[in-house]
Amino acid sequence: MQLSEIYNQVGPWLDPKGPRSEVVITSRIRLARNIVGFTFLSQASAAQQNELLQFVHEKIMETELRDGIWFVNMEDISPLERQMLTERHLISKQLAEEEGPRGVMLMQDESLAMMVNEEDHLRIQAMSSGLQLQRLYERISRVDDLLESRMEFAFSPQYGYLTACPTNVGTGIRVSVMLHLPALKMTGQMEKVFRAARDLHVAVRGFYGEGSEPIGDLFQISNQTTLGKTEEGIIEELIRQAIEPVIEYELRARKKILEERLPALDDKIYRALGVLDNARLISSEETMYLLSYLRLGVHMERIKTISLETINRLFFFTQPGHLQHLNRKKLDTQQRDQARADFIRRELHASRN
Amino acid sequence: MQCQHCNNHATVHLTEIINGKRIEKHLCEQCAQKEGITINSQGAITELITNLANAQEEVREVRELCCPQCSLSWLEFRKSGLLGCPNDYRAFEIPLSAIIARTQEGATSHIGKLPKNPKGTMDKQISLLRLRQELQEALDHEDYENAARLRDKIRNMN
């Protein structure tokens with residue numbers, strides 16, 4: 001298998017027909033684990049990090065996961081490829097940009113990624129489209145069991161799974177969903193969401209997670225507490241207290257706009273389509289911003305000629321790393337803006353036929 | 001205001017209460033760093049941890065804590081927010097448990113998933129860590145005889 005196979009397709013986790021997909025784009029769960037007998041990353045020498053990387057790789061290849069996964073050593077691939085894996089949300093920025101022995105094991109359909117030597121020895125991540133966290137947890141817990149049959153994870157009866165950062169200790173779980181909230185943004189209600197999230201000890205972040213800005217009205221909501229609750233409890237609480245209410249607010253805001261501000265809404269949607277259809281130079285930021293209106297337009301049935309598949313594809317394939325891969329060469333900012341505009345016009349045209 | 005340790009301009013002002021006595025510190029950035037007081041940190045989480053750690057009343061015994069396994073000191077942890085090995089949860093237990101409770105909404109113990117076949121207690125996990133470190137040292141010193149012995153020991157523990 002070649003990395004390009006991953007780059008040229010989009011995994012089923014971007015399937016636009018997942019549960020609650022009118023608002024929820026993807027669900028993700030990650031588990032942080034460390035291997036008994038090895039120091040954590042910050043205190044490990046390069047030799048020790050390398051030993052751990054080999055150890056984990058070897059052990060995972062002894063499980064039944066071996067047939068479907070592919071090991072990528074970060075030191076063997078180009079910065080551009082690392083950037084594409086980040087844009088695809090398969091690895092973190094930290095894994096892409098830091099140095100030293102580190103890698104990722106990817107399931108071919110992009111539903112599972114196991115990062116080795118990120119902040120913890122092992123970060124297991126599972127993703128799927130729409131809102132399906134319970135199913136996702138069952139899956140990732142089975143993967144965790146498989147790995148555990150081959151290696152022992154650092155665990156204390158009091159603190160649970162031990163992690164490099166004490167904010168992850170216990171379950172080591174981070175549950176997050178990516179939400180598309182254009183109507184809350186249009187009606188100026190995002191501040192309310194942020195305030196409520198703070199009170200609930202829930203994090204609201206941008207497109208690329210921690211420390212990133214929201215782009216194209218895409219927000220991630222995730223848990224912050226990892227200790228003193230069960231994994232199922234954390235998921236259930238996040239859905240009940242944060243995700244479902246935000247989905248409801250968003251849908252209510254959409255309904256209100258539809259009833260009271262239809263011409264303004266249509267104007268935004270059709271201007272977005274007009275620009276995307278005709279631009280000859282377009283930045284990544286503007287693209288995301290306009291695609292957000294397009295996605296809203298499709299969900300609210302204001303536009304019927306463009307598929308959600310196309311919009312989801314465009315969200316990822318117009319990122320700088322993906323564009324350069326499609327064009328098979330390094331592009332400067334202006335060349336990228338041109339390549340992006342060309343690509344969008346072609347995709348929208350193909351979508352209508 | 002001048003730094004208490006050198007002639008630079010003091011930019012870090014700290015009030016600590018140690019054994020009920022109020023101590024004010026006025027330091028320049030370099031001297032503050034030498035004392036393990038951080039000004040900048042990378043992430044929001046690190047910042048949270050360092051703020052919490054700084055806010056704690058730290059008696060000297062706490063400030064001098066150091067893990068015998070990975071040699072990370074409490075002061076280094078305060079700067080980075082990252083622990084060095086599983087044994088740190090023991091070595092730093094007193095100050096760390098307060099930070100965990102604060103960042104985890106008051107929770108102090110795990111009630112989630114348990115390993116299916118927990119082979120080792122904390123003690124066993126930590127002796128395995130020590131053996132692996134000794135193995136690394138033996139390899140670094142090209143002491144292959146000792147390394148082979150340690151490797152056998154590690155194998156027998158699994």
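Rules behind the numbers
Per-chain numbering applies: the sequence of each chain, read as written, is numbered from 1 onward. All chains are assigned letters beginning with A, and all ligands numbers beginning with 1, in the order in which they are written. Two thresholds apply to this predicted model, a pLDDT of at least 70 for residue-level local features and 80 or more for giving and counting side-chain atom pairs, whereas whole-chain, interface and lining totals are computed over all residues. Hydrogens and water are ignored here; the side-chain numbers use all heavy atoms of the structure. Counting from the N terminus, the helices are the DSSP runs of H or I reaching at least four residues and the strands are the DSSP runs of E reaching at least two. Throughout, exposure labels follow a simple rule: accessible area from a 1.4 Å probe, protein chains only, divided by the maximum for the residue type, with under 20% read as buried, over 50% as exposed, and the rest as partly exposed. Only heavy atoms enter the contact rule, under which two residues are in contact if any of them lie within 4.5 Å. Computed with the Shrake-Rupley method and a 1.4 Å probe, the accessible areas treat only the protein chains shown as cover for residues. Summed over both partners, buried area is the accessible surface (1.4 Å probe) that two parts give up on being assembled. By definition here, a salt bridge exists when the distance from a side-chain nitrogen of Lys or Arg to a carboxyl oxygen of Asp or Glu is within 4 Å. Domains are outlined according to an automatic or database domain assignment. Here an axis means a line fitted to C-alpha atoms, over the contact stretch when the element is a helix, while the angle between two N-to-C directions is reported on a 0 to 180 degree scale. Here the angle decides the label: under 35 degrees means roughly parallel, over 145 means roughly antiparallel, 65 to 115 means roughly perpendicular, and every other value means oblique. Handedness of each helix crossing follows the sense of rotation of the near helix against the far helix: counterclockwise by less than a right angle gives left-handed, clockwise gives right-handed. Side-chain classes are defined by residue name, with Ala, Val, Leu, Ile, Met, Phe, Trp, Tyr, Cys and Pro counting as nonpolar, Asp, Glu, Lys and Arg as charged, and the others, Gly among them, as polar. For Phe, Tyr and Trp, where Trp contributes only its six-membered ring, two rings pair if their centres lie within 6.5 Å, and the inter-plane angle classes them as stacked under 30 degrees, edge-to-face over 60, or tilted in between. The criterion is that NZ of a Lys, or CZ of an Arg, lies within 6 Å of the ring centre and within 35 degrees of the ring normal, and then a charge sits over that ring. Working definition of a nonpolar core: buried Ala, Val, Leu, Ile, Met, Phe, Trp, Tyr and Cys residues. They are joined through side-chain atoms within 4.5 Å. Note on pairing: DSSP must find at least two bridges between two strands before they are called paired. A patch consists of residues whose relative accessible area exceeds 30% and which take part in no salt bridge; residues with like charges are grouped when within 9 Å of each other, and nonpolar side chains (Val, Leu, Ile, Met, Phe, Trp, Tyr) when within 5 Å. Positive residues here are Lys and Arg, negative ones are Asp and Glu, while His and the chain termini are left out of the count. All charge positions are set by atom: Lys at NZ, Arg at CZ, Asp at CG, Glu at CD. Expected helix span is taken as 1.5 Å per residue step, with the number of steps being one fewer than the number of residues. The directions considered for the arc run from the helix axis to the C-beta atoms.

Some points on the overall build of chain B
Secondary structure summary: chain B contains eight helices and two strands in total. Counted from the first residue to the last, chain B has its helices and strands arranged as β-β-α-α-α-α-α-α-α-α. Looking at chain B as a whole, 43% of its 158 residues qualify as buried. If you take every contact in chain B between residues at least 6 apart in sequence, the share linking residues at least 24 apart comes to 38%. Total accessible area computed for chain B in this model is approximately 9200 Å², and 49% of it derives from carbon and sulfur atoms.

Observations regarding the interface of chain A and chain B
Each partner contributes to the interface: chain A provides 48 residues, whereas chain B provides 40 residues. Here chain A packs against chain B, burying approximately 3900 Å² in sum over the two surfaces, 57% of which is carbon and sulfur. For the interface between chain A and chain B, the tally reads four salt bridges. We note a salt bridge from K113 of chain B to D144 of chain A, for which the minimum N-O separation is 2.8 Å. Within the residue set of the side of chain A that touches chain B, elements represented by two or more residues are α2 (46-61), α5 (133-148), β6 (155-156) and β7 (160-161) of chain A. Among the elements that take part in the side of chain A that touches chain B, α5 of chain A stands out by supplying five residues, more than any other.

Points about the domain arrangement of chain A
Residues and elements named next belong to chain A. In terms of domain boundaries, chain A breaks down into domain 1 (4-254) and domain 2 (262-351). Of note, the centres of domain 1 and domain 2, computed from C-alpha atoms alone, are 27 Å apart. At the junction of the two partners, domain 1 supplies 28 residues and domain 2 supplies 23 residues. Carbon and sulfur atoms make up 68% of the surface buried where domain 1 meets domain 2, a total of about 2400 Å² over both sides. A per-residue breakdown of the area domain 1 buries against domain 2 is headed by P16, E87 and M186, which together make up 22% of the total.

A short note on the side chain of Q136 of chain B
Among the structural elements, Q136 of chain B can be located in helix α7 (residues 122-140). Filtering out sequence-adjacent residues up to four positions away, Q136 of chain B remains in contact with A47, Q48 and E51 of chain A.

Looking at the packing of helix α11 (residues 308-317) of chain A against helix α13 (residues 333-352) of chain A
Residue and element names in this part refer to chain A. Contact geometry of α11 with α13 gives a least axis separation of 10 Å together with a crossing angle of 165°. The orientation of α11 relative to α13 falls into the category roughly antiparallel. For the pair α11 and α13, the sense of crossing is right-handed. Contacts between α11 and α13 involve T310, R313, L314 and F317 from the first element and F343, I344, E347, L348 and S351 from the second. The residue inventory of the contact of α11 with α13, partitioned by class, reads five nonpolar, two polar and two charged.

Here's the deal with the packing of aromatic side chains
Evaluation of the coordinates by the stated rule reveals eight aromatic pairs over all chains. Here the aromatic rings of F317 of chain A and F343 of chain A are separated by 6.4 Å at their centres, their planes lie at 25°, and the arrangement is stacked. Of the two residues, F317 of chain A sits in helix α11 while F343 of chain A sits in helix α13, which places them 26 residues apart along the sequence. Across the pair, F343 of chain A and F317 of chain A agree in class, each one buried. Between the aromatic rings of W74 of chain B and F77 of chain B, the centroid separation amounts to 5.1 Å while the plane-to-plane angle is 40°, which identifies the pairing as tilted. You can see W74 of chain B and its partner F77 of chain B sitting in helix α4 (residues 74-80), three residues apart, about one turn around the helix. By the burial criterion, W74 of chain B is buried, and F77 of chain B matches it. The ring of Y161 of chain A has R33 of chain A lying over it, and the distance from NZ or CZ to the ring centre is 3.5 Å. The ring of F55 of chain A carries R132 of chain B above its face, with NZ or CZ at 5.5 Å from the centroid.

Topic: the nonpolar core
Membership of the largest hydrophobic core comes to 108 residues, with the highest contact counts inside it found for M114, L147, L179, I221 and I243 of chain A. Of all the elements, helix α8 (residues 231-260) of chain A adds the most residues to this core, at 10 residues. Composition of this core by domain shows at least three residues from each of domain 1 (4-254) and domain 2 (262-351) of chain A. The next biggest cluster of nonpolar side chains, apart from the first, holds 34 residues, and it includes A107, L128, L131 and A138 of chain B.

Considerations on the sheet that holds strand β8 (residues 173-180) of chain A
Residues and elements named next belong to chain A. If you walk across this open sheet you meet the eight strands as β2-β3-β4-β5-β1-β8-β10-β9, and the pairing is antiparallel. The sheet is open, and its two borders are formed by β2 (69-73) and β9 (202-205), each paired with just one other strand. Neighbour to neighbour, the strand axes of the sheet diverge by 20° on average, direction disregarded. Relative to strand β4 (residues 112-116), strand β3 (residues 103-107) runs antiparallel, the two being bridged by four bridges. Bridge pairing in β4 links V104 to M115. Along the sheet, helix α7 (residues 190-199) contacts β9 and β10 (218-223); its crossing angle with β9, the most-contacted strand, is approximately 145°.

Quick notes on a negative patch on the surface
On the surface, E75, D76, E98 and E99 of chain A cluster together into a patch of negative charge. Its place among the elements puts E99 of chain A in the loop between α4 (93-97) and β3.

Focus on α5 of chain A
All names here are of chain A. Across its 16 residues, α5 extends 22 Å between first and last C-alpha, which sits within 8% of the 22 Å expected from 1.5 Å per residue. Among the residues of α5, those classed as buried are L133, L136, Y137, I140, S141, V143, D144, L147 and E148. Down the axis of α5, the buried side of the element spans an arc of 160°, and every buried residue falls inside it. Across α5 from its buried face, at more than 90 degrees, point the exposed residues R135 and R142.

Regarding the environment of K330 of chain A
Residue and element names in this part refer to chain A. Topologically, K330 is positioned in the loop between α12 (320-326) and α13. Judged by relative accessible area, K330 falls into the exposed class, the value being 73%. Taking the C-alpha atoms as reference, K330 lies 9.7 Å from P320; in sequence the two are 10 residues apart. Excluding residues that lie within four positions of it along the chain, K330 makes contacts with Q324 and Q335.

Quick word on the pattern of salt bridges
Where charged atoms of side chains with opposite charge meet at close range, the side chains can pair. With the rule as written, the count across this model stands at 28 salt bridges over all chains. Residue R352 of chain A pairs with D277 of chain A through a salt bridge whose shortest N-O separation is 2.7 Å. Of this pair, R352 of chain A sits in helix α13 while D277 of chain A sits in helix α9 (residues 262-278), placing them 75 residues apart in sequence. Take R352 of chain A: its relative accessible area is 35%, and that puts it in the partly exposed class. Among the charged side chains, a salt-bridge network with shared partners connects R33, D144 and D145 of chain A together with K113 of chain B.

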